[in-house]
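# Overview (structure and organization)
Listed below are the residues making up each chain.
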2 protein chains.
Amino acid sequence: MAVTFPLGFTASGATAGIKPSGKPDLCLIARDGGTDGGATGCAMVFTANAVTGAPVIVGKKRRAAVLAGTLATPRAVLINAGNSNAATGQQGVADAEACCAATASLLGCGPDGVVPSSTGVIGRPLPVGKIIAALPGLAASLGRGEAADAAAAAAIMTTDTVPKSARAEYRETVGGVSRTIRIGAIAKGSGMIAPRLESAFAPPAASATMLAFVTTDAPIASMDLQRATETACSGSFDRVNVDNHPSCSDTVIVLASGAAGGTPIVHGTEAYERFTGALRTMCEDLARQIIVDGEGATRIFKIAIRGASSDEAARKMCAEVVSSPLVKCAIHGRDPNWGRIVTAAGNAGVWFDTSEASLTIGGVEVYRAGVPVTEALTDPRLKTAMAGKEVPLELVVGRGPGAWWMLGCDLSKEYVVINAEYTT
Amino acid sequence: MAVTFPLGFTASGATAGIKPSGKPDLCLIARDGGTDGGATGCAMVFTANAVTGAPVIVGKKRRAAVLAGTLATPRAVLINAGNSNAATGQQGVADAEACCAATASLLGCGPDGVVPSSTGVIGRPLPVGKIIAALPGLAASLGRGEAADAAAAAAIMTTDTVPKSARAEYRETVGGVSRTIRIGAIAKGSGMIAPRLESAFAPPAASATMLAFVTTDAPIASMDLQRATETACSGSFDRVNVDNHPSCSDTVIVLASGAAGGTPIVHGTEAYERFTGALRTMCEDLARQIIVDGEGATRIFKIAIRGASSDEAARKMCAEVVSSPLVKCAIHGRDPNWGRIVTAAGNAGVWFDTSEASLTIGGVEVYRAGVPVTEALTDPRLKTAMAGKEVPLELVVGRGPGAWWMLGCDLSKEYVVINAEYTT
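Since we're looking at a predicted model, the values are computed, not measured.

Once that is clear, we can look at the overall build of chain A. A tally of regular secondary structure across chain A gives 11 helices and 16 strands. Relative to the globule expectation of 22 Å for 424 residues, the C-alpha radius of gyration of chain A, 22 Å, shows essentially globular dimensions. Over its C-alpha atoms, taken along the principal directions, chain A stretches across nearly 70 × 60 × 35 Å. Across chain A, the centroid of the 37 positively charged side chains sits 2 Å from that of the 38 negatively charged ones.

Now the structure itself:
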């Protein structure tokens, strides 16, 4: 189970005819009505791209109102695949709002109680008529359990080859009262994946079309949930990169029902740390599912950098390594052409002293204190590491305190085939 | 003719056995001795990568000494292909200096009179013995004319499918005296191409392994030549991007013999503007040869952005468009999937108002004031433009004064084949 694993949620999927393939393309995730408002939070993070889809514009408006306390926590998320409703101007915003209003009237909440999300081709008018026609059936089929979750996960896929979902559960005792906290999620993402999700509180930090919708029965208010969600995204979705082209539609939305009961989870407590940790671990699982299913990917690699002047310096270097087509092709060819890895890190705009730099591939040091370890190239462990499903790369760039890691995937001929013929 | 088109230069190429293929891999370009020092300038620009090849380290040392007036203008450039002598530590620097010293003794100049340059696989010791053994033959075959220039151009190729050269010539009258100024060049570059060449005067501005070696018989001192060269590179090599991985070895070296005679060309004069313009135009020709021969490239595209807040903002947006694998695959597939172009520009970290944004492909407006021009997709001119050898993309992002352009190439399956099996 996924989004209906936590108490207080239902989900459904339907075929509205947006995708030319005739596959499912409309998904609804809804929180049950009637729960205590103080424990039912909602958090959202979106792409940092300057060009954003209409649903992102609407979502940011909802978020601002929720955090300002002028809007009750939204009840539902309506997601369509096959059309991103992006680069569609004011009409796109009006279209997204029309779909939300129609959904809200079926659920019995205000029109602002539904958050929209869209993925698919850019720059095409949203087929509002098809969506609104499919909504009554979608709402009527809302349910709990494996089948509902599977229908929801399938309806948000685009070039994904597999549906993506995850869940987490833990028990805790707070104020003498024991409770079980459940978290569930569905996600999509395969191409246009390089999330740099912005923050509601700070300038953009780290963007793709990746979408993730998370539910939890934890009792937590929106402000605390927003903070926990941003921490979780920084440690998960922001660390994967398929093709270095942040999307205009990247979205993570978390809804909390509060149905687990007990004292609300607030920032600064052990309960908050436990919840944020569980959320981050589950999001990392989803992020890994996304990179493994990267368009055309056959294998993945993890670059871990330490010894940098700051975590941000290490992050910038990791971002160059995972996005280099030359590194990605070397991984594809099982070629220990490590000079590409070191020089990619060198392109981050962050200086480092190569005489302090070392690189290890699968435990085999190939570059030590700025000079090649020539005998490494014939080490059989190197060949084994380069052939693995996940190639581990560890780069030390000095003696500083900064460290980061990111996951990338190889670049195959199949990526070109998929993306040279996406709209035609 | 190319590097021996200007008066006062000889060139040669040889096979030292560095390349496993047994193709030519060693090149020498030499300025005749005995010319007036004040008119024989030398300029160099190098990669902005934090990881630089040993020849770049040596070259920067020569440049600093030349600009400080403590070193006479270098007499020659020794270039090898097949091994970049990068990530090779202090031994690499010693190896580069040993090759320079051996060349200098053959040419009859001091060891600092030769500048080294290398391209090829990273992280392998330079085969100094092979190079030094080949030097007497290389020096003995120095000559002028088509055959010498062709031998030089062939010896610096790596994955290039064609040798690259250019020349320019103009007449001018300065101080009542007429003269002919000639400029010639050879270049290489096909992969690891995204030049951001640093400046001797300012922080890094814009970098690949692209190498270009330029000769001119203009009388111009090093400081003025350095300034002219940086202006020319910013308008040429820095505007092409094959795979967004700036190399550790990018190098442009310009040698002036002064053999055209007359008053030296100095900054702030019409003669300087004329010379810089001719140099830039010739470098743009070479840059275009490089992008057309980009690894696996079948077609190129030009993104021109205007209406940005500054030229630098427009440059950043252009850089995102030419480096997006999704844009490159769309160009390969002749697919007018213009949403990828607009969203790539949106990833530059530069905000713009999409309601002011418009995109034209081959004269057909596909996106106007933030909304799709749906009828454009069936315009036959759009199909023709997408099928051209050079696809013209024009993006307006507002009403600001900033503008820039860059050239990119498509991403084909062949790129993956070339780069998945480069060292193995």
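Back to the write-up after that little detour.
Superposition record for chain A on chain B: RMSD 0.0 Å, screw rotation 180°, translation along axis 0.0 Å. The transformation just described matches what one would write down for a two-fold rotation axis. For chain A, the minimum C-alpha distance to the rotation axis belongs to A:Lys413 and amounts to 2.3 Å. Looking at the interface residues of chain A, 98% of them are also at the interface in chain B, so both copies use one shared face.

This next bit is on the packing of helix 11 (residues 413-420) of chain A against helix 11 (residues 413-420) of chain B. Where helix 11 of chain A meets helix 11 of chain B, the closest approach of the two axes is 8 Å, and the angle between their N-to-C directions is 165°. Classified by the interaxial angle, the pair formed by helix 11 of chain A and helix 11 of chain B is roughly antiparallel. Here the hand of the crossing between helix 11 of chain A and helix 11 of chain B comes out right-handed. Taking contact as the criterion, the partners of A:Lys413, A:Val416 and A:Val417 in helix 11 of chain A are, on helix 11 of chain B, B:Lys413, B:Val416 and B:Val417.

Residue and element names in this part refer to chain A. Within the secondary structure layout, Arg-62 lies in helix 1 (residues 54-68). Look at Arg-62 and you get buried, because its relative accessible area is 1%. Considered as a pair, Arg-62 and Thr-73 are 11 residues apart in the sequence and their alpha carbons are 9.0 Å apart. Setting aside residues up to four positions removed in sequence, Arg-62 forms contacts with Met-44, Leu-71, Glu-97, Cys-100, Pro-111, Asp-112 and Val-114. Of the polar contacts made by the side chain of Arg-62, one reaches the backbone oxygen of Pro-111; its length is 3.5 Å.

Another point: the domain arrangement of chain A. All names here are of chain A. Partitioning chain A into structural domains gives domain 1 (9-292) and domain 2 (300-420). Computed from C-alpha atoms alone, the centre-to-centre distance between domain 1 and domain 2 is 33 Å. Between domain 1 and domain 2, the residue contacts involve 16 residues of the former and 14 residues of the latter. For the pair domain 1 and domain 2, the summed buried area comes to about 1300 Å², and 55% of that belongs to carbon and sulfur atoms.

Moving on to the environment of B:Asn347. By secondary structure assignment, the location of B:Asn347 is in the loop between helix 9 (339-345) and strand 12 (358-361). Relative accessible area serves as the criterion here: at 16%, B:Asn347 is assigned to the buried category. In this structure, the C-alpha to C-alpha distance between B:Asn347 and B:His332, residues 15 residues apart in sequence, is 21 Å. If we skip the residues at most four places from it in the chain, B:Asn347 touches A:Asn49, A:His245, A:Pro246 and B:Glu320. Among the polar contacts made by the side chain of B:Asn347, one reaches the side chain of A:Asn49 at a distance of 2.7 Å.

Turning to the packing of aromatic side chains, a few remarks are in order. One pass over the full model with this rule turns up two aromatic pairs over all chains. Relative to B:Tyr367, the ring of B:Trp338 lies with its centre 4.8 Å away and its plane at 35°, an arrangement referred to as tilted. Remark: B:Tyr367 occurs in strand 13 (residues 364-368) and B:Trp338 occurs in the loop between helix 8 (325-332) and helix 9; sequence separation between them is 29 residues. The exposure class assigned to B:Tyr367 is buried, which follows from its relative accessible area of 0%. We note A:Arg239 situated over the ring of A:Trp405; from NZ or CZ to the ring centre the distance is 4.8 Å. Directly above the aromatic system of B:Phe5 lies the positively charged group of B:Arg167, at a separation of 4.6 Å from the ring centroid.

All names here are of chain A. Spatially, five strands are ordered 3-10-8-7-6 in an open sheet, and the strand pairing comes out mixed. Two strands in the sheet have a free side with no partner beyond their single neighbour: strand 3 (42-46) and strand 6 (164-174). Each strand axis lies, on average, 10° off the axis of its neighbour in the sheet, ignoring direction. Bridge count between strand 7 (residues 177-188) and strand 8 (residues 211-216): six bridges; the pairing is antiparallel. Within strand 8, the residue paired with Lys-188 across the bridge is Leu-211. Each of strand 3 and strand 10 (251-256) touches helix 5 (residues 222-234); the most contacted strand, strand 3, lies at about 40° to it.

Bringing the pattern of salt bridges into the picture now. Residue and element names in this part refer to chain A. In the structure shown here, the tally under the stated rule is 33 salt bridges over all chains. Residue Lys-164 pairs with Asp-160 through a salt bridge whose shortest N-O separation is 2.8 Å. Here the two residues Lys-164 and Asp-160 agree in accessibility, since each one is buried. Arg-182 is the salt-bridge partner of Glu-169, the closest N and O atoms lying 3.7 Å from each other. Linking Glu-169 in strand 6 with Arg-182 in strand 7, this pair joins segments that are 13 residues apart in sequence. Residue classification places Glu-169 among the partly exposed residues on the basis of a relative accessible area of 48%. Residues joined in a network through salt bridges with shared partners are Lys-61, Arg-62, Glu-97 and Asp-112.

Rules of the game
- Residues numbered from 1 in each chain as written.
- Chains lettered and ligands numbered in written order.
- Predicted model: local features only at pLDDT ≥ 70, side-chain atom pairs only at ≥ 80, totals over all residues.
- Heavy atoms only, no water.
- Helix = DSSP H or I, 4+ residues; strand = E, 2+ residues; numbered from the N terminus.
- Rg over C-alpha atoms; globule rule 2.2 N^0.38 Å.
- Lys, Arg positive; Asp, Glu negative; His and termini not counted.
- Charge placed at Lys NZ, Arg CZ, Asp CG, Glu CD.
- Least-squares fit on C-alpha atoms with pLDDT ≥ 70 in both.
- Contact = heavy atoms within 4.5 Å.
- Axes fitted to C-alpha atoms, helices over the stretch in contact; angles between N-to-C directions.
- Parallel < 35°, antiparallel > 145°, perpendicular 65-115°, else oblique.
- Left-handed = near helix turned anticlockwise from the far one by under 90°.
- Buried < 20%, exposed > 50% of the residue type's maximum accessible area, 1.4 Å probe, protein only.
- Polar contact = N/O pair within 3.5 Å; in protein donor to acceptor, adjacent residues only side chain to side chain.
- Domains from an automatic or database assignment.
- Buried area = accessible area lost by both parts, 1.4 Å probe.
- Phe/Tyr/Trp six-rings, centres within 6.5 Å; stacked < 30°, edge-to-face > 60°.
- Lys NZ or Arg CZ within 6 Å of the ring centre and 35° of its normal.
- Pairing = 2+ DSSP bridges.
- Salt bridge = Lys/Arg side-chain N within 4 Å of Asp/Glu carboxyl O.

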